[in-house]
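Topology and contacts: notes
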Amino acid sequence: DVKVTQSSRYLVKRTGEKVFLECVQDMDHENMFWYRQDPGLGLRLIYFSYDVKMKEKGDIPEGYSVSREKKERFSLILESASTNQTSMYLCASSPADRDNQPQHFGDGTRLSIL
Amino acid sequence: AQSVTQPDIHITVSEGASLELRCNYSYGATPYLFWYVQSPGQGLQLLLKYFSGDTLVQGIKGFEAEFKRSQSSFNLRKPSVHWSDAAEYFCAVARGTYKYIFGTGTRLKVLA
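In this report, the structure presented in the accompanying data block is examined. (Residues numbered from 1 in each chain as written. Chains lettered and ligands numbered in written order. Predicted model: local features only at pLDDT ≥ 70, side-chain atom pairs only at ≥ 80, totals over all residues. Heavy atoms only, no water.)

**Side note on the pattern of salt bridges**
Residues and elements named next belong to chain A. The criterion, for reference: By convention in these notes, a salt bridge is any Lys or Arg side-chain nitrogen within 4 Å of a carboxyl oxygen on Asp or Glu. The numbering of helices and of strands both runs from the N terminus, where a helix is a DSSP run of H or I of at least 4 residues and a strand a run of E of at least 2. Buried residues are those whose accessible area, probed at 1.4 Å on protein chains only, stays under 20% of the maximum for their type, while exposed residues exceed 50% and partly exposed ones sit between those limits.
Inspection of the entire model under this criterion finds 11 salt bridges over all chains. Between K18 and E79 there is a salt bridge, with its nearest N and O atoms 3.7 Å apart. Highlighted residues: K18 in the loop between strand 2 (10-13) and strand 3 (19-25) and E79 in the loop between strand 8 (73-78) and strand 9 (87-94), separated in sequence by 61 residues. Among the residues examined, K18 registers a relative accessible area of 46% and is labelled partly exposed. Salt bridges sharing common partners tie together D28, E30 and K71.

**A word on the packing of aromatic side chains**
Residues and elements named next belong to chain B. For clarity, the threshold we go by: By convention, a stacked pair of Phe, Tyr or Trp rings (six-membered ring in the case of Trp) has centres within 6.5 Å and planes under 30 degrees apart, an edge-to-face pair has planes over 60 apart, and any other such pair is tilted.
Scanning the entire structure with this criterion turns up 18 aromatic pairs over all chains. On the basis of an interplanar angle of 85 degrees and a centroid distance of 5.0 Å, the ring pair of Y32 and F51 is categorised as edge-to-face. On the criterion of sequence distance, the pair formed by Y32 in strand 5 (residues 32-38) and F51 in the loop between strand 6 (44-50) and strand 7 (56-58) is long-range, its members being 19 residues apart. The exposure class of Y32 is partly exposed, given its relative accessible area of 24%. Exposure remark for F51: the relative accessible area of 18% places this residue in the buried category.

**Notes on the side chain of A:S65**
Residues and elements named next belong to chain A. As a reminder, the rule being used: Two N or O atoms count as a polar contact when they lie within 3.5 Å, although within protein this holds only if one can serve as hydrogen donor and the other as acceptor, and sequence-adjacent residues are included solely when both atoms are side-chain atoms. By definition in these notes, contact holds between two residues if any of their heavy atoms fall within 4.5 Å.
Within the secondary structure layout, S65 lies in strand 7 (residues 64-70). Residue classification places S65 among the buried residues on the basis of a relative accessible area of 14%. Reaching out from S65, the side chain makes a polar contact with the side chain of E79 at a distance of 2.7 Å. Excluding its chain neighbours within four sequence positions, the residues that come into contact with S65 are Y47, S75, L76, I77 and E79.

**Structural notes on the environment of A:V66**
Residue and element names in this part refer to chain A. With respect to the element layout, V66 can be found in strand 7. Judged by its relative accessible area of 9%, V66 is buried. Expressed as a C-alpha distance, the spacing of V66 and C23, which sit 43 residues apart in the sequence, is 11 Å. For V66, the residues in contact, after removing those within four places along its chain, are W34, Y47, K55, F74, S75, L76 and I77.

**Let's talk about the interface of chain A and chain B**
Accessible area lost when the parts come together is the quantity often used to give the size of an interface. So the rule is basically this: Summed over both partners, the accessible area (1.4 Å probe) lost when two parts come together is defined as the buried area. Charged residues are taken to be Asp, Glu, Lys and Arg, nonpolar residues to be Ala, Val, Leu, Ile, Met, Phe, Trp, Tyr, Cys and Pro, and polar residues to be all remaining types, Gly included.
Counting residues at the interface gives 25 residues for chain A, matched by 23 residues for chain B. Carbon and sulfur atoms make up 53% of the area that chain A and chain B hide from each other, which totals about 1,900 Å². If you look at where chain A meets chain B, you find 0 salt bridges. For the pair chain A and chain B, the number of links is 5 residue pairs in polar contact (both at pLDDT 80 or more). Listed by contribution, the elements that provide at least two residues to the side of chain A that touches chain B are strand 4 (31-38) and strand 5 (42-51) of chain A. Element by element, the count of residues in the side of chain A that touches chain B is highest for strand 5 of chain A, at 5 residues. Partitioning the side of chain A that touches chain B into residue classes produces 10 nonpolar, 8 polar and 7 charged.

**Things to note about the sheet that holds strand 7 of chain A**
Pairing between sheet strands relies on hydrogen bonds along the backbone, with the strands arranged either parallel or antiparallel. Residue and element names in this part refer to chain A. Inclusion rule: Between any two strands, pairing holds if DSSP finds at least two bridges. Angular values range over 0 to 180 degrees, each being the angle between N-to-C directions of two axes fitted as lines to C-alpha atoms, with helices fitted over their stretch in contact.
Strand order in the open sheet formed by 4 strands is 1-3-8-7, with antiparallel pairing between adjacent strands. What marks the edges here is a single partner per strand, and that holds for strand 1 (4-6) and strand 7. For this sheet, the mean inter-axis angle between neighbouring strands, taken without regard to orientation, is 20 degrees.

Rendered as C-alpha cells:
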C-alpha cells in the first residue's frame, strides 16, 4: 500500500512565522501535490511537483512556496504565516503515468495561525 | 471552464437504506473521474475511478458509480448504508496529466 506521511497532524504557529509542512511518500512516485481544504470550498491545489527540483503553481500559490530536494519528500513553506492560512493541508502523490493514476493522500495537517 | 459540482452539501440516511450522491462535471474531453471518501480527521481514500469502458464502476466498501456522458454525471451509489459510511465524499475530475478538480464535498450522516 502507498503510504503518504505528513509530519504533523496538528500545528499551531504565530502570525509572521515561517512554517514548514513536510510530506514523505514511500512508493517512488514522481508526482507530489499540496492542497488546502476549507469548508465549502473543497480541495484547492497550491503547488505540485512532477520531478525532483521541479515545481509548478497550482490554483492558489500566493503566500506559499515549496521544495523538493529528494524524490520522496515534498515540503510546503509558508514564508510569513497569516491568519487566513489557517486551514487543513493535504499532501498527495501519484506515479507518472499517462492514464491519470489516482492520487494517494496523507492524513492531513491542521494548521492554526494565531 | 472545467468544474465539478456536488449539489448536496449534507445528506442524511438511515442505516440500511440506499444511498446516491450526485456529481456533475464540466469538462471538454473524455473525463477521468474519481470518488474519494474522507473520514473525520483523516486524509482522502480512493473509492473508485472511471477512465473508460464500462460505465458502471465498482469500488471498495460496496460502492459503485455510473458514468452518464449525456448528463455529465458520475453519481455514487450504495444499496445499503452502514453506520461506518458516515464521512465526507468528494468527486473529482482529472484535468490534464497532473491536476484534479475537486467538488466541494457531500457530508453523509447515517442514522441508527
